[in-house]
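Architecture and fold: a report
Here are the chains, one letter per residue:
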Amino acid sequence: MATNKIVRLIAPSGSVVSARFLEPVSRFFSSGTPPPPQAQSPTPNQDNVKPDQNLQEKEEEEEEGGEEFMNKDTGEIGGPRGPEPTRYGDWEQRGRCSDF
Amino acid sequence: MAAYVSVGNIHAFYLAGQVHRGQSYRQDSWSSGFTFRTSPFKVPFPWSSGVPKALKSERCGCYSPGVSAISESSKPCGSIRAVSVSSSTKYYDFTVIGSGVAGLRYALEVAKQGTVAVITKDEPHESNTNYAQGGVSAVLCPLDSVESHMQDTMVAGAHLCDEETVRVVCTEGPERIRELIAMGASFDHGEDGNLHLAREGGHSHRRIVHAADMTGREIERALLEAVLNDPNISVFKHHFAIDLLTSQDGLSTVCYGVDTLNIKKNEVVRFLSKVTLLASGGAGHIYPSTTNPLVATGDGMAMAHRAQAVISNMEFVQFHPTALADEGLPIKPQTARENAFLITEAVRGDGGILYNLGMERFMPVYDERAELAPRDVVARSIDDQLKKRKEKYVLLDISHKPREKILAHFPNIASECLKHGLDITRQPIPVVPAAHYMCGGVRAALQGETNVLGLFVAGEVACTGLHGANRLASNSLLEALVFARRAVQPSTELMKRTKLDLSASEKWTRPVVATARSLGDEVLSKIIALTKEVRRELQEVMWKYVGIVRSTIRLNTAERKIAELEAKWETFLFEHGWEQTVVALEACEMRNLFCCAKLVVSSALARHESRGLHYMTDYPFVEESKRIPTIILPSSPTTASWSSRRLQNIRSSSLVDC
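Residues numbered from 1 in each chain as written. Chains lettered and ligands numbered in written order. Predicted model: local features only at pLDDT ≥ 70, side-chain atom pairs only at ≥ 80, totals over all residues. Heavy atoms only, no water.

Remarks on the overall build of chain A
Along its length, chain A carries three helices and three strands. Starting at the N terminus and walking to the C terminus, you meet the elements of chain A as α-α-α-β-β-β. Expressed as a percentage of the 100 residues in chain A, the buried residues total 37%. Summarising the internal contacts of chain A: among those between residues at least 6 apart in sequence, 26% fall at separations of at least 24. A total accessible area of about 6000 Å² is found for chain A, and carbon and sulfur atoms account for 50% of it. (Helix = DSSP H or I, 4+ residues; strand = E, 2+ residues; numbered from the N terminus. Buried < 20%, exposed > 50% of the residue type's maximum accessible area, 1.4 Å probe, protein only. Contact = heavy atoms within 4.5 Å. Areas by Shrake-Rupley, 256 points an atom, 1.4 Å probe, with all protein chains shown as cover.)

Here is the structure:
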């Protein structure tokens with residue numbers, strides 16, 4: 001598979017998680033998960049996908065679908081309007097959480 | 001509720017690899033924390049190298065004369081053309097129980113090899129998948145890596161995950177997504193045509209593929225369309241699976257299919273097949289508040305347990321801390337909400353404050369981060385408050401923020417609450433934790449095999465070792481896709497070397513539908529009414545004693561109360577004419593709920609540490625020595641309760657020596 005051959009350029013930023021997980025508990029409850037990320041503005045170009053050929057062709061075919069909302073900040077088509085759904089870690093739309 | 005587990009049985013189950021008793025074995029419990037020298041998820045199964053004699057029907061030849069079901073090539077172990085000897089017995093090469101992403105994905109693949117029946121208890125789209133609205137995680141960005149996805153998964157899972165399983169899933173995920181796209185699933189993309197990938201909590205990279213806010217629904221739609229167009233797949237909706245058909249062949253338990261109840265026609269339909277895939281989803285309805293649709297009553301986990309399959313890690317139940325609490329709304333919904341409305345973290349992120357009903361802000365007592373503490377800390381804090389104060393919900397207040405901002409960011413919450421008389425710009429929102437996902441389930445090896453020959457599992461019903469003690473966001477759809485696909489090859493191989501004895505259809509006694517005629521009108525309605533009430537009581541016990549914050553005392557209380565409740569319910573049924581093989585939808589769901597509840601309690605009692613989703617006040621820390629899965633072995637057939645025993649008996653006259 002193509003993705004297996006891709007060299008990883010960036011170390012995961014999740015390293016803070018392991019340290020937190022192993023911290024001694026001073027309070028009543030221990031925490032095993034990282035705190036929600038700071039409210040982040042979407043970074044459209046940072047992790048933009050360069051998919052393999054097949055994927056790209058398929059996406060191009062589908063693009064001609066009618067009037068769909070395009071998010072000016074992220075370039076995402078057909079996605080949710082308003083702030084980034086995952087800005088606080090869970091997946092929300094208009095206040096309702098649908099995945100976490 | 002006591003189950004008998006003998007050391008002799010244990011060695012029989014795990015012939016290779018050494019097993020020794022773990023530290024938390026309890027004589028009167030179903031579960032024991034067994035440890036394995038090698039990874040428990042790699043334990044080879046005793047049947048893996050051969051096919052038991054029972055499946056090689058030497059005597060009768062493949063098919064009885066009246067039925068022309070031999071494929072054109074006349075291969076002895078060829079595919080069965082779907083056969084209906086009578087409307088009450090059907091034969092398929094493959095039977096799939098459940099029509100969510102795991103079941104449908106598998107069905108589409110095995111349909112290339114043989115005939116497939118997909119059994120689903122409601123409309124085909126009614127599944128947890130359909131309500132999974134976030135996304136699917138996969139490494140699809142060149143800057144991302146399988147190692148990173150693996151690391152995130154294992155950290156989220158509190159290092160209880162099986163590393164090989166995690167590697168396999170993270171590696172094969174991208175290919176499974178591409179296949180979905182090829183099948184017609186439509187995911188969000190950017191202007192440049194690239195897939196839009198989001199980054200969800202716990203992920204160190206953008207890797208969530210999604211379709212607006214309806215990923216599960218979109219995947220379900222695409223798969224269902226393909227399934228309905230496939231001539232080799234027959235979908236049986238409104239067919240409730242009652243119990244698996246199994247028998248012992250030496251040391252192995254072998255699965256031959258499943259008995260179902262056609263709910264619309266009120267009749268039993270028996271499915272015989274060479275291979276069965278259990279993909280029946282979760283068990284959220286053992287709790288009173290859950291995001292799961294009504295179909296999620298743990299049917300698969302219960303049936304598998306009764307069929308002698310090993311169950312694992314049932315103590316790891318994922319809750320969301322803040323679901324809208326209907327009890328706190330000024331105008332209560334007229335009908336009970338089927339699945340909970342979850343209030344996003346973003347409300348707290350934007351400044352929402354949590355109060356108990358005494359209007360005390362409690363979070364700072366539990367964590368210096370207060371409302372911005374991690375979700376599991378918030379969940380435990382809310383749970384603790386509710387138990388201490390004996391209240392039904394807490395309050396989440398955002399009304400101190402500007403009205404326009406609230407309405408702009410949270411219009412769904414605003415409108416939902418307004419419908420029920422609450423203005424969130426002025427009043428606090430009533431919230432309560434809701435059960436969301438079962439990390440545990442039927443123990444699966446790397447290709448979805450179970451310890452029951454011919455029985456495979458995939459999706460939420462399975463415990464594959466991927467989630468460990470806590471599921472990483474968006475990994476559940478991924479797990480379902482990967483394991484459904486991986487089960488195809490061993491299923492196909494088994495199917496090809498299996499001959500099904502069609503005359504064995506009456507080897508097991510048949511379930512009998514409960515009718516007003518057989519029981520009496522009044523009795524039947526009393527039973528149904530009692531069952532509804534008992535379900536509520538069970539859910540209350542589970543929430544009160546087996547919730548987010550647990551303790552040995554509370555779990556023991558739960559065990560006792562559940563046993564009493566089950567006895568009271570079963571006694572009523574059997575005193576009013578119910579019998580071992582009698583079935584009705586409500587009663588069968590109830591016995592499955594009892595079974596799953598007991599599995600959760602037993603597992604929770606066996607884990608003497610806190611890890612991931614399982615928190616014990618008397619064992620509040622993680623213990624490295626306890627970083628092993630919880631295993632529940634099958635209970636002895638002499639166990640009394642109706643929920644723990646398979647309905648069907650094997651007729652003594654049909655015990656033929658093949």
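There's plenty left to go through after this.
So, helix α10 (residues 375-389) of chain B
Residue and element names in this part refer to chain B. Here α10 is 15 residues long and its end C-alpha atoms lie 21 Å apart, about the 21 Å a rise of 1.5 Å per residue gives. Of all 15 residues in α10, twelve are buried; the element is thus mostly enclosed. Within α10, burial applies to D376, V377, V378, A379, R380, S381, I382, D383, D384, Q385, L386 and K387. Looking at the residues trailing α10, positive phi occurs at K390, about 55°. (Expected span 1.5 Å × (residues − 1).)

Focus on the confidence of the model for chain B
Residues and elements named next belong to chain B. When pLDDT is averaged across chain B, the result is 85; 84% of the residues are at 70 or more. When the criterion is pLDDT under 50, residues 1-76 qualifies, and its contacts beyond four places in sequence or with other chains add up to 155 contacts. Note that pLDDT drops below 50 for residues 654-658; the model gives that stretch five contacts with residues more than four away or on any other chain. Here the complex is predicted with pTM 0.81, and the ipTM for its interfaces comes to 0.73. (pLDDT = per-residue confidence, 0-100.)

Details of the pairing of strand β3 (residues 96-99) of chain A
It is a general feature of regular strands that their side chains alternate between the two faces of the sheet. For strand β2 (residues 91-93) of chain A and β3 of chain A, the ladder comprises three bridges, and the chain directions are antiparallel. The partner of Q93 of chain A across the bridge, within β3 of chain A, is R96 of chain A. Hairpin connection of β2 of chain A to β3 of chain A: two residues between the antiparallel strands, including R94 of chain A at a positive phi of 55°. Relative to strand β17 (residues 342-343) of chain B, β3 of chain A runs antiparallel, the two being bridged by two bridges. What sits directly across from R96 of chain A, in β17 of chain B, is I343 of chain B. (Pairing = 2+ DSSP bridges.)

Notes on the nonpolar core
Residues and elements named next belong to chain B. One finds Y287, M542 and W578 to be the most contacted residues of the largest nonpolar core, which totals 116 residues. With residues near it in sequence (within four places) discarded, Y287 still touches V317, F319, A435, Q539, M542, W543, V546, G547, R550 and V600. If you look at the next biggest cluster of nonpolar residues, it comprises 66 residues, including V96, A102, A480 and W508. (Core = buried A, V, L, I, M, F, W, Y, C linked by side-chain atoms within 4.5 Å.)

Some remarks on the environment of G298 of chain B
All names here are of chain B. One can find G298 in the loop between β14 (267-278) and α7 (299-306). Residue class for G298 comes out buried when judged on its relative accessible area of 1%. Along the chain, G298 and M438 lie 140 residues apart, while their C-alpha atoms are 9.6 Å from each other. Dropping the residues within four chain positions of it, G298 is found in contact with G282, A283, N592 and C596.

Details of the side chain of E460 of chain B
All names here are of chain B. With respect to the helices and strands, E460 occurs in the loop between β23 (455-457) and β24 (462-463). Among buried Asp, Glu, Lys and Arg side chains, E460 stands out as unpaired, with R471 the closest opposite charge at 7.4 Å. Ignoring any residue separated from it by four or fewer positions in sequence, one finds E460 in contact with N128, G281, G282, M301, H436, Y437, M438 and G440. (Lys, Arg positive; Asp, Glu negative; His and termini not counted. Salt bridge = Lys/Arg side-chain N within 4 Å of Asp/Glu carboxyl O.)

A word on the side chain of R348 of chain B
By secondary structure assignment, the location of R348 of chain B is in helix α8 (residues 345-349). With sequence-adjacent residues up to four places away left out, R348 of chain B is seen in contact with P321, T322, L354, E371, L372, A373, V378 and L396 of chain B.

Here's the deal with the packing of aromatic side chains
Residue and element names in this part refer to chain B. Using the criterion set out here, one finds twelve aromatic pairs over all chains in the structure. Ring centres of W569 and W642 lie 5.9 Å apart, and the angle between their planes is 45°; this geometry places the pair in the tilted category. Linking W569 in helix α17 (residues 552-575) with W642 in the segment after β29 (631-632), this pair joins segments that are 73 residues apart in sequence. When sorted by exposure, W569 lands in the same class as W642, which is buried. A connected cluster of aromatic rings, assembled from ring pairs, spans W569, F574, W578, F594 and W642. The ring of Y437 carries the charged tip of R471 above its face, separated from the ring centre by 4.9 Å. Above the ring of W642, the side-chain terminus of R591 is found at 4.8 Å from the ring centroid. (Phe/Tyr/Trp six-rings, centres within 6.5 Å; stacked < 30°, edge-to-face > 60°. Lys NZ or Arg CZ within 6 Å of the ring centre and 35° of its normal.)

Section: the pairing of strand β16 (residues 317-324) of chain B
Residues and elements named next belong to chain B. Of all the eight residues making up β16, eight are buried; the element is thus mostly covered by neighbouring parts of the structure. Bridge analysis of β16 against strand β20 (residues 429-438) gives six bridges, and the strand direction is antiparallel. By the bridge assignment for β20, H320 is matched with A434.

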